[in-house]
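If you want the building blocks of each chain, they are given just below.
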Amino acid sequence: MSANENANGDDEWDFLLVFPMIWTPSISGTAGDADGLADIDIPFSNIVKNLNFGIMGDFYAQKNKWLFGFRTNYLHIKSDTSSTYSPNSPLIPDITANIDVDATMSLNDLFGGYEVAGGLVLLTGVRHTYSRFNVGVNINGTPIAPIKSSGHQFDWLVGLKYAHWFNQDWA
């Protein structure tokens, strides 16, 4: 007997919302364009400290042998840091640097599937990945050209899902 035959019966929709969940990324890579590149390395601890908004969740709908789902992961961090260097020379003034980081990352899946054998569902769908990074720097109040990078990517998904119904105590 398949997993979906045990819930509400074959003619009714079964819905499952998995929310909230925790997404714990670290961010590393290179951002910029032909005018300049910057290496980015943001550990998870800094992301938590500067988290502006984040959400992660899944939604599934199943009826008979058909399954449809949506998964989302969204993260927005913002940080504004300032530091002053005071040289030990009366001829060189203090240098104050301000760095403003604004980053958004998103990963979303939309998929459907069909149960091909007891509890085994063949899945296919699309994944959308989005990232945007803006890094602004100013030295002693003078802005330096910001580093900006953003992009969308779409990928095809293919996979399997397996569910097994043990007994009523595991429901």
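Note that the coordinates shown come from a computational prediction; the quantities given were computed from them, not determined experimentally. (Residues numbered from 1 in each chain as written. Predicted model: local features only at pLDDT ≥ 70, side-chain atom pairs only at ≥ 80, totals over all residues. Heavy atoms only, no water.)

## Quick word on the pattern of salt bridges
And step 1. Applying the stated criterion across every chain, the model contains 5 salt bridges.
And step 2. Close ionic contact of Asp102 with Lys78 constitutes a salt bridge, the shortest N to O distance being 3.5 Å. Taken together, the positions of Asp102 in strand 6 (residues 95-117) and Lys78 in strand 5 (residues 66-85) put the pair 24 residues apart, joining distant regions of the chain.
And step 3. A relative accessible area of 15% places Asp102 in the buried class. (Salt bridge = Lys/Arg side-chain N within 4 Å of Asp/Glu carboxyl O. Helix = DSSP H or I, 4+ residues; strand = E, 2+ residues; numbered from the N terminus. Buried < 20%, exposed > 50% of the residue type's maximum accessible area, 1.4 Å probe, protein only.)

## A few points about the pairing of strand 8 (residues 142-162)
And step 1. Pairing between strand 7 (residues 120-139) and strand 8: 19 bridges, direction antiparallel. Paired with Asn134 across the strands is Lys148, a residue of strand 8.
And step 2. Counting the residues between successive antiparallel strands, the hairpin from strand 7 to strand 8 contains 2 residues, one of them, Asn140, with a positive phi of roughly 50°. (Pairing = 2+ DSSP bridges.)

## What to know about the sheet that holds strand 6
And step 1. Spatial ordering of the open sheet is given by 1-4-5-6-7-8, a layout of 6 strands whose pairing is antiparallel. Of all the strands in the sheet, the pair left with one neighbour each is strand 1 (14-18) and strand 8. Within this sheet the neighbouring strands show an average axis-to-axis angle of 10°, counted without direction. (Axes fitted to C-alpha atoms, helices over the stretch in contact; angles between N-to-C directions.)

## Here's the deal with the packing of aromatic side chains
The geometry of two aromatic rings is summed up by the distance between their centres and the angle between their planes.
And step 1. For the structure on display, the rule yields 6 aromatic pairs.
And step 2. Geometrically, the ring pair formed by Trp13 and Phe15 is stacked, given 6.3 Å between the ring centres and 20° between the ring planes.
And step 3. Overall, the relative accessible area of 36% leaves Trp13 in the partly exposed class.
And step 4. Note on Trp13 and Phe68: the rings are 6.4 Å apart at their centroids and 45° apart in plane angle, and the pair reads as tilted. With Trp13 in the segment before strand 1 and Phe68 in strand 5, this residue pair connects regions lying 55 residues apart in the sequence.
And step 5. When its relative accessible area of 40% is taken as the criterion, Phe68 is described as partly exposed.
And step 6. Here the aromatic residues Trp13, Phe15, Phe59, Trp66, Phe68 and Tyr114 are joined through ring pairs into a cluster of three or more. (Phe/Tyr/Trp six-rings, centres within 6.5 Å; stacked < 30°, edge-to-face > 60°.)

## A closer look at the side chain of His76
And step 1. Relative to the helices and strands, His76 is located in strand 5.
And step 2. What makes His76 buried here is its relative accessible area of 13%.
And step 3. At 2.6 Å, the side chain of His76 forms a polar contact with the side chain of Asp102.
And step 4. Those residues within four positions of His76 in sequence are excluded, and the remaining contacts are Leu51, Asn52, Phe53, Asp102, Ala103, Thr104 and Arg132. (Polar contact = N/O pair within 3.5 Å; in protein donor to acceptor, adjacent residues only side chain to side chain. Contact = heavy atoms within 4.5 Å.)

Taken by themselves, the reported measurements are silent on function.
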